[in-house]
Amino acid sequence: METPGLVVQGEAASFSTALRSLLNNPQYSDVCFVVGQERQEVFAHRCLLACRCNFFRGLLGPKLGPGMPSPVVLSTVPAEAFLAVLEFLYTNSVRLHRHSVSPSGMGLGAWGAGGGAGKLPLPQPPTLQVLEVLTAAVEYGLEELRALCLEFVVKVMDVEMVCEALQVAVTFGLGALQERCVAFIEAHSREALRTRGFLELSAPALLPLLRSDRLCVDEAELVLAARSWARVGAAVLERPVAEVAAPVVRELRLALLAPAELSALEEQNQREPLIPVRTRGMPRARVGGRGCPTDSAVTGLPLQVEQIVEAWKCHALRRGDATRGAPCRRRRGTLPREHHGFLDLPLK
């Protein structure tokens with residue numbers, strides 16, 4: 001009886017090197033991509049892409065007629081990231097870098113998807129190549145490449161990178177990466193809030209940070225960071241600061257601020273609204289005490305904002321849970337203030 005054949009392995013390195021020589025090589029190629037905003041031409045081989053990736057199998061379809069078909073335009077993926085994807089498809093390995101070797105000039109972050117004039121008064125730093133490759137791997141359904149990118153991101157994550165990684169995680173539903181990013185920001189809160197990546201977060205990406213009890217930052221500094229974030233979004237989207245801030249500012253814990261800080265915030269909010277104004281005529285209990293506003297629907301005074309009113313209510317009644325919509329839980333980095341002693345007392 002004939003014995004089954006034995007599969008023997010040749011040298012993998014030489015095979016990989018030979019295939020890498022075909023990468024972006026016009027010789028013998030039968031498909032051309034026009035990639036990125038710079039419209040860079042990238043040459044490839046249809047059969048190899050089709051057998052390695054369902055996305056390309058569907059994109060390229062059966063070859064029609066002789067000669068080179070029309071170029072395939074992929075304008076949203078940077079050329080460097082696309083070449084990294086092809087390198088993985090050709091060789092089953094990829095060179096990942098923290099930063100792009102040749103910056104593409106991207107720089108609107110999550111705000112870029114919202115339209116507007118595209119004006120951002122910040123310098124353009126090198127893009128994070130590994131996050132661009134991760135994005136492409138997710139979009140093209142390359143699970144193995146996605147896992148390799150995630151592993152690399154976790155290894156090289158730092159303050160400058162973490163907010164951009166968080167944005168990618170939220171955008172593509174990468175729950176494990178989102179948890180790692182939030183935990184990193186919780187441990188390095190003050191530094192992360194000063195990064196460009198923080199200013200470019202979308203509202204859904206910012207919300208889990210503002211809801212965290214573990215942020216190592218005081219509430220007054222967090223309010224300033226939220227205002228800076230909203231200003232950048234307002235400039236890019238050409239919308240009012242308060243409108244941009246509306247989805248997230250409810251998570252600011254204004255009751256943690258001392259009366260003097262709350263008064264200063266109230267005055268600044270009149271000059272540059274951050275906390276959205278409540279609906280006129282909305283009923284609420286009148287609260288006495290210094291600095292406590294009254295309802296303009298009754299008195300004719302300028303309309304106040306419910307969130308600030310609730311924080312004042314906490315001070316007036318000296319009970320934390322009297323503020324229905326202003327959370328009173330202290331964060332890990334909350335600096336102690338005199339009134340914090342009664343924040344957790346139950347309301348009689």
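Heads up: the structure comes first, above all this text.
Residues numbered from 1 in each chain as written. Predicted model: local features only at pLDDT ≥ 70, side-chain atom pairs only at ≥ 80, totals over all residues. Heavy atoms only, no water.

A. Quick look at the overall build of the protein chain. Across its full length, the protein chain carries 16 helices and 3 strands. By sequence separation, contacts in the protein chain at least 24 residues apart represent 71% of the contacts at least 6 residues apart. (Helix = DSSP H or I, 4+ residues; strand = E, 2+ residues; numbered from the N terminus. Contact = heavy atoms within 4.5 Å.)

B. Expanded view of the packing of helix α4 (residues 79–91) against helix α5 (residues 129–139). At a closest axis distance of 9 Å, the pairing of α4 and α5 adopts a crossing angle of 60°. On the basis of the axis angle, α4 is oblique to α5. With respect to the hand of their crossing, α4 and α5 are arranged in right-handed fashion. Across the interface between the two elements, Glu-80, Ala-81, Ala-84 and Val-85 of α4 pack against Gln-129, Glu-132, Val-133 and Ala-136 of α5. Residue classes in the contact of α4 with α5 are distributed as 5 nonpolar, 1 polar and 2 charged. (Axes fitted to C-alpha atoms, helices over the stretch in contact; angles between N-to-C directions. Parallel < 35°, antiparallel > 145°, perpendicular 65-115°, else oblique. Left-handed = near helix turned anticlockwise from the far one by under 90°. Nonpolar A, V, L, I, M, F, W, Y, C, P; charged D, E, K, R; others polar.)

C. Molecular detail of the nonpolar core. Ranked by size, the top nonpolar core spans 89 residues in total, and within it Phe-33, Phe-82, Tyr-140 and Leu-254 carry the most contacts. Here this core gets 10 residues from one element, more than from any other, and that element is helix α12 (residues 219–237). Setting aside anything within four residues of it in sequence, one finds Phe-33 in contact with Gln-40, Glu-41, Val-42, Ala-44, Leu-49, Phe-56, Leu-59, Leu-60, Val-72, Leu-74 and Phe-82. Core analysis: the second largest hydrophobic core is formed by 6 residues, Ala-255, Cys-328, Phe-342 and Leu-343 among them. (Core = buried A, V, L, I, M, F, W, Y, C linked by side-chain atoms within 4.5 Å. Buried < 20%, exposed > 50% of the residue type's maximum accessible area, 1.4 Å probe, protein only.)

D. Local environment of the environment of Glu-306. Relative to the elements of secondary structure, Glu-306 occurs in helix α16 (residues 306–317). It is 8.6 Å that separates the C-alpha atoms of Glu-306 and Pro-276, two residues lying 30 residues apart in sequence.

E. Structural detail: the pairing of strand β2 (residues 40–44). Note: strand β1 (residues 31–35) against β2, 5 bridges, orientation antiparallel. Opposite Val-31, over in β2, you have Ala-44 as the bridge partner. Linking β1 to β2, which pair antiparallel, is a turn of 4 residues; within it Gly-36 sits at a positive phi near 75°. (Pairing = 2+ DSSP bridges.)

F. Representation of the sheet that holds β1 in the model. Strands sit in the order β2-β1-β3 across an open sheet of 3 strands; the sheet is mixed. Strands at the two margins of the open sheet, each flanked by one partner only, are β2 and β3 (72–74). Pairs of neighbouring strands in the sheet enclose a mean axial angle of 30°, with direction left out of account. Contacting β1, β2 and β3, α4 crosses the sheet at an angle of about 5° to β2.

G. The packing of aromatic side chains, seen in detail. Under the counting rule described, the total for this entry stands at 6 aromatic pairs. Ring plane angle 70° and centroid distance 6.2 Å describe the contact between Phe-56 and Phe-82, whose orientation is recorded as edge-to-face. With Phe-56 in helix α3 (residues 54–60) and Phe-82 in helix α4, this pair connects stretches of sequence that are 26 residues apart. For the pair formed by Phe-56 and Phe-82, the shared burial category is buried. An aromatic cluster of three or more residues is present, and its members are Phe-33, Phe-55, Phe-56, Phe-82 and Tyr-140. In this arrangement the basic side chain of Arg-52 is found over the ring face of Phe-88, its NZ or CZ atom lying 5.3 Å from the centre. (Phe/Tyr/Trp six-rings, centres within 6.5 Å; stacked < 30°, edge-to-face > 60°. Lys NZ or Arg CZ within 6 Å of the ring centre and 35° of its normal.)

H. How the structure looks around the pairing of β1. The buried fraction of β1 is high, at 5 of 5 residues. On β1, burial covers both faces: Val-31, Phe-33 and Val-35 on one face and Cys-32 and Val-34 on the other are all buried. In this structure, β1 lies alongside β3, joined through 3 bridges in parallel fashion. Bridging across to β3, Phe-33 finds its partner in Val-72.

I. Looking closely at the side chain of Ser-16. Secondary-structure assignment places Ser-16 in helix α1 (residues 12–20). A relative accessible area of 14% places Ser-16 in the buried class. If we ignore the near neighbours within four places in the chain, the residues touching Ser-16 are Thr-91 and Ser-93.

J. A look at the packing of helix α7 (residues 159–172) against helix α8 (residues 175–187). At a closest axis distance of 9 Å, the pairing of α7 and α8 adopts a crossing angle of 145°. Judged by the sense of rotation from one axis to the other, the crossing of α7 with α8 is left-handed. Mapping the contact onto sequence places Val-159, Val-162, Cys-163, Ala-165, Leu-166, Ala-169 and Val-170 in α7 and Leu-177, Gln-178, Cys-181, Val-182, Phe-184 and Ile-185 in α8.

K. Representation of the environment of Glu-144 in the model. Along the chain, Glu-144 falls in helix α6 (residues 143–156). Spatially, the C-alpha atom of Glu-144 lies 9.2 Å from that of Asn-92, the residues being 52 residues apart in sequence. Glu-144 has contacts with Phe-88 and Asn-92, leaving out every residue within four places of it along the chain.

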